[in-house]
Amino acid sequence: MNPLLSFDNVTSYYGATRILKDFSFEMEKGQCLCVLGRNGVGKTTLMRTIMGLTDRSTGAIRINDVEISGQPTHVRAHHGLGYVPQGRGILSNFTVRENILLGTFARADKSGEIPEICLRIFPYLKENLDRRAGLLSGGQKQQLAIARALAVDPQILLLDEPTEGIQPNIVHEIGEILKMLNRELGISMVVTEQHIKVARKLGDAFLMVDNGRVVARGGMAEMTDELVERHMTI
Ligand SMILES: Nc1ncnc2c1ncn2[C@@H]1O[C@H](COP(=O)(O)OP(=O)(O)OP(=O)(O)O)[C@@H](O)[C@H]1O
């Protein structure tokens, strides 16, 4: 089977600085790939490189064998990329409804409707569509960011630290929702995650990053404590 997403020797830059270096990996359809590594190793840059948001990149990025490197961000989104950035990127002065609608603008089919799935899995959002997003808690904002990304009708969800800054009791809840989206709805995912426990439960494959390079990858069962110790502890 051909990979859903692949990086072939990708190098990505901010200004003249190389952040990702000769980065290669493949991800299968239906997979949840967890990207792990210490702070500052390039995990967010990986997400931004997929979306075409770094200053420049070389090498080939493909979705379903179609090369997307070189294409602008909105065209990449049309290939079925839903992005939940670090810090969530919620517009505080917009309502919950308006924030979700922003996701629909990136849809390939141009449908301006909020897909039913966005509200079915997040009852709080459904009941608070006219609430100003700035009034939501951290966990609710994360739900909103996920709903906005789902409004793109993605085949791949990119989630940058979805559990960061969220109360510990909600971390589990977010993890369960992501697992459901992946296992039951078949949405493929790339997730950067600091919580090893969440990553082990959620991911079926892992990519370990250090200093902008892939230093280990494989099935989640192969992510040994020794690898975690070597590449994640400070
Ligand atoms: N906009 C930018 N301009 C220049 N350098 C940047 C920019 N964004 C990130 N960097 C640098 O790129 C490197 C990788 O940062 P990145 O945010 O991708 O790491 P990360 O693994 O996601 O870290 P964290 O877990 O802290 O989010 C860091 O050295 C950072 O200083």
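The name an unreviewed UniProt entry assigns to the protein chain is Urea transport system ATP-binding protein, from the organism Labrys monachus.

Trainee: Looking at this structure, how should I read the packing of helix α3 (residues 96-104) against helix α6 (residues 138-150)?
Mentor: Working note: a packed helix pair is described by the angle between its axes plus the distance between those axes. Taken N-terminus to C-terminus, the directions of α3 and α6 make an angle of 35°; their axes are 6 Å apart at the nearest point. The interaxial crossing formed by α3 with α6 has right-handed handedness. Residues V96, N99, I100, L102 and G103 of α3 form the contact with α6, whose own contacting residues are L144, A147 and R148. The class makeup of the residues in the contact of α3 with α6 is five nonpolar, two polar and one charged.

Trainee: Just checking my understanding: could you explain the site of the ligand for this structure?
Mentor: The environment of the ligand is made up of 13 residues, and the closest members are G40, G42, K43, T44 and T45. Within the contact set of the ligand, an oxygen atom lies 2.9 Å away from a backbone nitrogen or oxygen of K43. The side chain of Q86 places a nitrogen or oxygen atom 3.2 Å from an oxygen atom of the ligand. For the ligand, the protein covers 57% of the area, taking 640 Å² as the surface of the free molecule. Broken down by element, the residue count for the shell around the ligand peaks at three residues, all from helix α1 (residues 43-51).

Trainee: I would appreciate a short explanation of the sheet that holds strand β1 (residues 5-14) in the present structure.
Mentor: In a beta sheet, neighbouring strands pair by backbone hydrogen bonds and run either parallel or antiparallel. Taken in spatial order, the four strands make up an open sheet running β2-β1-β4-β5, and their pairing is antiparallel. The open sheet has two free edges, formed respectively by β2 (17-27) and β5 (66-67), since each of these has just one partner strand. Contacts between α1 and the sheet are confined to β1, β2 and β4 (56-63), with β1 contributing the most and set at about 105° to the helix.

Criteria and thresholds
- Residues numbered from 1 in each chain as written.
- Predicted model: local features only at pLDDT ≥ 70, side-chain atom pairs only at ≥ 80, totals over all residues.
- Heavy atoms only, no water.
- Axes fitted to C-alpha atoms, helices over the stretch in contact; angles between N-to-C directions.
- Helix = DSSP H or I, 4+ residues; strand = E, 2+ residues; numbered from the N terminus.
- Left-handed = near helix turned anticlockwise from the far one by under 90°.
- Contact = heavy atoms within 4.5 Å.
- Nonpolar A, V, L, I, M, F, W, Y, C, P; charged D, E, K, R; others polar.
- Near = heavy atom within 4 Å.
- Polar contact = N/O pair within 3.5 Å; in protein donor to acceptor, adjacent residues only side chain to side chain.
- Areas by Shrake-Rupley, 256 points an atom, 1.4 Å probe, with all protein chains shown as cover.
- Pairing = 2+ DSSP bridges.

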